[in-house]
Amino acid sequence: MNKNGVETTIFNVIFGILIAVVLSLILLYLINVFTSDQGPKEESNVYFYYFYFTKLAEDLTKMSIGDIKNSGFLGNKDFILIAFNKEINEIKKTNANKNCTSYYIKDEIKKPIKCRDKSCLCLCKSNLDRTAEFYGGNPKLTVNCDSDESRCVEFSLNIKIKSTCNEPLLYNSEPKEKLYDLELKKEKELLINPISKTL
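This one's a predicted model, so the numbers in the text were calculated from it and none came from an experiment. In this convention, every chain numbers its residues from 1, walking through the sequence in written order. In keeping with the predicted nature of the model, local features appear solely for residues at pLDDT of at least 70, side-chain atom pairs appear and are counted solely at 80 or more, and the whole-chain, interface and lining totals rest on all residues. Water and hydrogen atoms play no part in the side-chain values, which are based on all heavy atoms of the structure.

### Thoughts on the overall build of the protein
Let me state the cut-off plainly: A run of DSSP states H or I qualifies as a helix once it reaches four residues; a run of E qualifies as a strand once it reaches two. Both are numbered from the N-terminal end. Burial status follows relative accessibility: with a 1.4 Å probe on protein chains alone, a residue under 20% of its type maximum counts as buried, one over 50% as exposed, and anything between as partly exposed. Whether two residues are in contact is decided by their heavy atoms: any pair within 4.5 Å suffices.
Helix and strand counts for the protein come out as two helices and twelve strands. Ordered by position from the N terminus, the helices and strands of the protein form the series α-α-β-β-β-β-β-β-β-β-β-β-β-β. Every one of the 199 residues in the protein was classed for burial, and the buried ones make up 35%. Once local pairs closer than 6 in sequence are excluded, the contacts in the protein between residues at least 24 apart make up 70%.

The following block contains the structure:
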């Protein structure tokens, strides 16, 4: 065998090994992306919450006085549905007990700047800190309605969410998301009545 044949064979082997390593790395990366529980899957869930919120706001907007309609809302621990009336600038911090809610609102919930002097229905970013549960206390809920992930829709009428706690909010503190069946009414104000939750 001549010298050129040996050099060509070594070059081909090294080149083949490099291509095999690169292709293996690409394959491992793709397997990780498609089997991972994080990444794009988590981010895409946010759009489901936005979809249900937008649909709820559209249903309320299209209603006439005296109308009753059913709608839905997908709730989870990362977002809270809040009805801000014209007169309310913040929702006071509560000391809710276990009979009413399973969490405390940590700080006052400020009405978003764009909703000042208006009625708004908002889907606000929330964070439930469960540290207190280790000491027998209730988790603390922090809400930010001015975050980039929060959404608000203005209404001419006041909005009321019926709840056992008499608070203008709907929140699912459980780890799994829940689909709420809602009854909507338009009278002197817009009423949102959670009928049941599933999932």
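Having seen the model, we can carry on.
### Some thoughts on the pairing of strand β6 (residues 119–129)
Note on strand geometry: in a regular strand, side chains alternate between the two faces of the sheet. The line we're drawing: Between any two strands, at least two bridges found by DSSP are needed for them to pair.
By the criterion of burial, β6 is predominantly enclosed, with eight of the eleven residues buried. As judged from the six bridges shared by strand β2 (residues 79–84) and β6, these two strands associate in the antiparallel manner. Pairing of F79 across the sheet is with K125, part of β6. Across five bridges, β6 lies against strand β8 (residues 151–155) in antiparallel orientation. The residue bridging C120 from the neighbouring strand is E154, located in β8. Judged from the five bridges that link them, β6 and strand β7 (residues 140–144) form a sheet pairing that is antiparallel. Within the sheet, the bridge partner assigned to N127 lies in β7 and is T142.

### Some thoughts on the state of the cysteines
We apply this condition: In what follows, a disulfide is any cysteine sulfur pair within 2.5 Å.
All chains considered together, the criterion is met by three disulfides. Across the disulfide from C122 sits C152; the S-S distance is 2.2 Å. For the disulfide bridge between C122 and C152, the dihedral angle about the S-S bond is near 115°, and by the sign convention the bridge is right-handed. Of this pair, C122 sits in strand β6 while C152 sits in strand β8, placing them 30 residues apart in sequence. In this pair, the class of C122 matches that of C152, namely buried.

### Notes on the environment of F84
Inspection of the secondary structure assignment puts F84 in strand β2. With a relative accessible area of 0%, F84 lands in the buried category. Each C-alpha atom of the pair F84 and L121 lies 6.2 Å from the other, and the pair is 37 residues apart in sequence. Excluding residues that lie within four positions of it along the chain, F84 makes contacts with I91, I109, K110, K111, P112, K118, S119, C120, C122 and C145.

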